[in-house]
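Examination of the molecular architecture
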2 protein chains.
Amino acid sequence: MMEKEKRQQKILNLIGAKRVGTQQELTESLLRAGVFATQSSVSRDLEELGVVKQRGRYVLPQAARNGNGASAHGLLNLEAAGDALVIAKCEPGLASAVAVAIDRADVPEIVGTLAGEDTVFIAVREKKAQRSAIKKIWELLS
Amino acid sequence: MMEKEKRQQKILNLIGAKRVGTQQELTESLLRAGVFATQSSVSRDLEELGVVKQRGRYVLPQAARNGNGASAHGLLNLEAAGDALVIAKCEPGLASAVAVAIDRADVPEIVGTLAGEDTVFIAVREKKAQRSAIKKIWELLS
DNA sequence: CTTTCTATGCAGCAAATTTGCATAACCTCA
DNA sequence: TGAGGTTATGCAAATTTGCTGCATAGAAAG
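Calculation notes
- For every chain, the first residue of the written sequence is number 1, and numbering continues from 1 along that sequence.
- For naming, the first written chain is A and the first written ligand is 1, with later ones following in the order written.
- At least 70 in pLDDT is required for a residue's local features to be given in this predicted model, at least 80 for side-chain atom pairs to be given and counted, and no such filter applies to totals for whole chains, interfaces and linings, which use all residues.
- As a rule here, side-chain values cover all heavy atoms of the structure and leave hydrogens and water aside.
- Note on terminology: near, applied to a residue and a molecule or strand, indicates that one of the residue's heavy atoms is within 4 Å of it.
- Side-chain atoms alone can form a polar contact between residues adjacent in sequence; in general such a contact is a pair of N or O atoms within 3.5 Å, and within protein one must be able to donate a hydrogen while the other accepts it.
- Each helix is a run of DSSP H or I of at least 4 residues and each strand a run of E of at least 2, with the numbering of both proceeding from the N terminus.
- Gly is put with the polar residues, along with every residue not named as nonpolar or charged; the nonpolar set is Ala, Val, Leu, Ile, Met, Phe, Trp, Tyr, Cys and Pro, and the charged set is Asp, Glu, Lys and Arg.
- For the exposure calls, accessible area comes from a 1.4 Å probe over protein chains only, and a residue counts as buried if that area is under 20% of its type's maximum, exposed if over 50%, partly exposed in between.
- Any two residues whose heavy atoms approach within 4.5 Å are treated as being in contact.
- Salt bridge criterion: a side-chain nitrogen from Lys or Arg within 4 Å of a carboxyl oxygen from Asp or Glu.

**Observations concerning the protein's contact with DNA strand D**
- Gln-23 and Tyr-58 of chain A together with Arg-7, Ser-41 and Arg-44 of chain B are the nearest of the 19 residues found near DNA strand D.
- Between Gln-23 of chain A and DNA strand D, the recorded distance is 2.7 Å, taken from a backbone N or O atom to a phosphate oxygen.
- Here a base nitrogen of DNA strand D sits 2.9 Å away from a polar atom, N or O, in the side chain of Ser-40 of chain B.
- Counting residues per element, the ones that place at least two in the surface near DNA strand D are helix 3 (39–49) of chain A together with helix 1 (3–17) and helix 3 (39–49) of chain B.
- Here the surface near DNA strand D is composed, by residue class, of 4 nonpolar, 9 polar and 6 charged.

Below you can see the structure in the form of C-alpha cells.
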C-alpha cells in the first residue's frame, strides 16, 4: 500500500542524515521511526532506490553521482539495469574515454560497451556477472 | 488482460473507418468483430483513448488523426523491450534532445539513456519500473 | 417531460505487487 | 580456508490494483 513509499522515503532520509552501515541498522532505525519492516524488504527497497554501499556505508544515489565519487577518469556512478546491463554515468564528454578504458581492461564478463555523451551502456553476459563487473570497473577506474 | 488493449484498438479502427454515432452502435460493431463489451466499458475506453463526440459522431483523438503522435519535443513512440529497456522513437535528429529532457527530469527508476539519431535507449532498473517510467516520460514530453 | 445516450458507484473477479520467512549466496577478516 | 556477519532470493500468503458488468444517476436531445 502506501506503506512501501513511506518506508522508502524514510530510508532515504535516514541514509542522508546519518551513517548507516548495515541493513540491520536501517531496519532498527525505521522501527524507531515507527515503520516496521524486515531486512528482506529493506534489501529490496535499497535495490529499487538505487542506493549503493560504498566504503562500508549506504549512499544516496544522487550523492554517489556527484560529490566525491568522481574518479580521475570521469566515471561518476555505476548501476545495474535488468539482467544484462550496467550503466555508467560519466562527466559530460568523457563517456567514450571511460568506454575505451573498460574495453581495454578486457573484463571477461563484459560483452560490449556503447558510449554516448555522458553515459555508457555496458552489456554483460548474465545477471551473475553484473555485480562482479561493477566491482571490477569501479576498482579499475577510481 | 490483453482484452482491453485489443478492444481499444478495434474501437479506433471502427471510428476511423465509419461514422459512429453512439456507444450502442460501437458496442454492436465490436460484437460483430468478435469482441464483446458492455456500454460501460466502451464509455471508459473512449474516455481513456481521448475520443470525443463532435457534431454527433465520435472522432479520433488528435494524435491518431494525423497519423503521428509527435509531441512538441519530437517524441514519437515509447515501447518496452525486455525487462530493463524502454525504447523511444523520435523525429530524426531529435533523439539527443529527448534524451537530455529525460535525463533532466531525474526519473528515479531510470538508470541512464543513450541516444542515436532518432532512437533513445532508456535503461531502467527492473521490469516493474518500465511501466511507470513510460508513463512518466510520456507525461513529461507530450 | 420523455426518450435516448453517456458516466459512474459498487461489488466481484483476476492479475499483479508486496511482504515475511527461511535459507542460500556472498563478503570480510583472521 | 572457515566462521561469522551481511545481503539476496524462491516461495507462498497477504494485500493491492485493475478491469468488468450491473444498475442507475446524470446529461442531452426532441
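**What to know about the protein's contact with DNA strand C**
- Close to DNA strand C lie 18 residues, the nearest being Arg-7, Thr-38 and Ser-41 of chain A together with Gln-23 and Tyr-58 of chain B.
- The protein-proximal atoms of DNA strand C, defined as those within 4 Å of the protein, are 59% sugar or phosphate.
- Within the side chain of Thr-38 of chain A, an N or O atom sits 2.8 Å from a phosphate oxygen of DNA strand C.
- Here a phosphate oxygen of DNA strand C sits 2.5 Å away from a polar atom, N or O, in the side chain of Tyr-58 of chain B.
- Among the elements of the structure, helix 1 (2–17) and helix 3 of chain A together with helix 3 of chain B are those that each provide at least two residues to the surface near DNA strand C.
- When residues in the surface near DNA strand C are grouped by element, the largest group, 4 residues, is from helix 3 of chain B.

**Examining the environment of Ile-87 of chain A**
- By the element assignment, Ile-87 of chain A lies in strand 4 (residues 85–90).
- Take Ile-87 of chain A: its relative accessible area is 1%, and that puts it in the buried class.
- Each C-alpha atom of the pair Ile-87 of chain A and Lys-127 of chain A lies 14 Å from the other, and the pair is 40 residues apart in sequence.
- Not counting chain neighbours up to four residues away, the residues in contact with Ile-87 of chain A comprise Asn-77, Leu-78, Glu-79, Ala-81, Thr-119, Val-120 and Phe-121 of chain A together with Val-111, Gly-112 and Ala-123 of chain B.

**Observations concerning the pattern of salt bridges**
All names here are of chain B.
- Here the structure, examined in full by the defined rule, presents 11 salt bridges over all chains.
- Note that Lys-6 and Glu-3 form a salt bridge whose closest N and O atoms lie 3.7 Å from each other. Taken together, the positions of Lys-6 and Glu-3, both in helix 1 and 3 residues apart, correspond to about one turn of that helix.
- With relative accessibility at 26%, the residue Glu-3 sits in the partly exposed group.
- For Asp-83, the salt bridge is made with Lys-127, and the minimal N-O distance between the two is 3.9 Å. Of this pair, Asp-83 sits in the loop between strand 3 (75–81) and strand 4 (85–90) while Lys-127 sits in helix 6 (residues 127–141), and the two are 44 residues apart along the sequence.

**Quick notes on unusual backbone geometry**
Residues and elements named next belong to chain B.
- A positive phi angle is found at Arg-55, which is not glycine, with a value near 45°.
- Of note, Arg-55 is situated in the loop between strand 1 (52–54) and strand 2 (57–59).
- Positive phi, normally seen in glycine, also occurs at Asp-106, with a value near 55°.
- Turning to its location among the elements, Asp-106 is positioned in the loop between helix 5 (95–105) and strand 5 (110–115).

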